[in-house]
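The lines below spell out each chain.
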Amino acid sequence: MKFDNLLEQMKDRMPLKRFEHTKGVATTAVRLAQKYGEDPEHAEIAGILHDVVKFADKEWLKQMIISAHLDPLLLAFHPELWHGPVGSIVAKNEFLIEDEDILHAIRFHTTGRAGMSNLEKIIYISDMIEPGRKFPGVEFLREKAEIDLEEAMISCLVHSITFLIEKKQPVFPDSFHCYNDLMQKRGKVKE
């Protein structure tokens, strides 16, 4: 990995298991970026920083959402969603990341959004399929990622939404907007 120093800084911010996940996401993101013609350095940075505040204090995350004027709807959803948007702020302010595409990839890696860039899709997918992930269907998602970025994004998003629905959990609106956007970009919606 090119950004060993950046990766090393993540060690103190997360348990070892999550650190291994972070390395897996960064490695997967670099590979997918090379495959789909995106900047591998940007993919590596976003992959390393995507969970930068995953284990931060929930009250601190909440206050960051409020003080940074992030979408207040976040506070009505599970705190699991908070680390992406707050992480993008920390990436900008603490790690001096200025590239908006990297910041968006960090911000939306848990929910997706309408109008995602290829880098954002790569980080979303990499977070779900990195080598340490073990859940029913992960191999199917890995196969999709090797064939077509759009199809992989759709499959990962559907997996995530379906998982939440089956657990009777609310789904953040950005995920539905992302799904609808991806479907509409395929062409005319079937009647």
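Going by the structure above, here's the rest.
Residues numbered from 1 in each chain as written. Predicted model: local features only at pLDDT ≥ 70, side-chain atom pairs only at ≥ 80, totals over all residues. Heavy atoms only, no water.

What about helix α9 (residues 149–166)?
Now for step 1: Compared with the 26 Å implied by 1.5 Å per residue over 18 residues, the 25 Å span of α9 between its first and last C-alpha is a close match.
Now for step 2: Here α9 has its buried residues at L149, A152, M153, I154, S155, C156, L157, S160 and I161.
Now for step 3: Buried positions along α9 lie against α7 (118–129), α8 (138–147) and α10 (173–185).
Now for step 4: Put simply, D148 is the residue that caps the front of α9, since its side-chain oxygen is 3.1 Å from the backbone nitrogen of E150.
Now for step 5: Backbone geometry just after α9 places K168 at a positive phi near 55°. (Helix = DSSP H or I, 4+ residues; strand = E, 2+ residues; numbered from the N terminus. Expected span 1.5 Å × (residues − 1). Buried < 20%, exposed > 50% of the residue type's maximum accessible area, 1.4 Å probe, protein only. Contact = heavy atoms within 4.5 Å. Polar contact = N/O pair within 3.5 Å; in protein donor to acceptor, adjacent residues only side chain to side chain.)

Regarding the layout of surface pockets
One water molecule sets the probe size; rolling that probe over the atoms shows where empty space is left.
Now for step 1: By volume, the largest pocket amounts to about 810 Å³.
Now for step 2: Taken together, 28 residues line the largest pocket, and the ones lying closest to its centre are E80, T110, S160, F163 and L164.
Now for step 3: Those elements giving two or more residues to the lining of the largest pocket turn out to be α2 (16–35), α7 and α9.
Now for step 4: If you tally residues by element for the lining of the largest pocket, the top one is α9, at four residues.
Now for step 5: Class assignment for the residues of the lining of the largest pocket results in ten nonpolar, eleven polar and seven charged. (1 Å grid on protein atoms, 1.4 Å probe; cavity = no way out; pocket = protein on both sides within 12 Å on 5 of 7 lines; lining within 4 Å. Points joined across faces, edges and corners; volume = space filled by probe spheres on them. Nonpolar A, V, L, I, M, F, W, Y, C, P; charged D, E, K, R; others polar.)

Considerations on the environment of Y124
Now for step 1: Inspection of the secondary structure puts Y124 in helix α7.
Now for step 2: Judged by its relative accessible area of 3%, Y124 is buried.
Now for step 3: For Y124 and A152, which are 28 residues apart along the polypeptide, the C-alpha to C-alpha distance reads 9.9 Å.

A few points about unusual backbone geometry
Now for step 1: The phi angle at H69 is positive, at roughly 55°, despite the residue not being glycine.
Now for step 2: Here H69 shows up in the loop between α4 (58–67) and α5 (83–93).
Now for step 3: The backbone phi angle of K168 is positive, close to 55°, even though this residue is not glycine.
Now for step 4: Relative to the helices and strands, K168 resides in the loop between α9 and α10.

Quick word on the side chain of S155
Now for step 1: Looking at where S155 falls in the secondary structure, it is placed in helix α9.
Now for step 2: For S155, the residues in contact, after removing those within four places along its chain, are F140, L141 and K144.

Considerations on the packing of aromatic side chains
Now for step 1: Under the criterion given, the structure shown has one aromatic pair.
Now for step 2: Geometrically, the ring pair formed by F77 and F172 is edge-to-face, given 5.0 Å between the ring centres and 80° between the ring planes. One end of the pair, F77, is in the loop between α4 and α5; the other, F172, is in the loop between α9 and α10, and 95 residues separate them in sequence.
Now for step 3: Taking the ring centre of Y36 as reference, the NZ or CZ of K35 above it sits at 5.8 Å. (Phe/Tyr/Trp six-rings, centres within 6.5 Å; stacked < 30°, edge-to-face > 60°. Lys NZ or Arg CZ within 6 Å of the ring centre and 35° of its normal.)

What about the pattern of salt bridges?
Now for step 1: What the rule picks out here adds up to twelve salt bridges.
Now for step 2: The salt bridge partner of R18 is D51, with a shortest N-O separation of 2.8 Å. Placement of R18 in helix α2 and of D51 in the loop between α3 (40–49) and α4 is noted, with a sequence separation of 33 residues between them. There is no split in this pair, since R18 and D51 are both buried. (Salt bridge = Lys/Arg side-chain N within 4 Å of Asp/Glu carboxyl O.)

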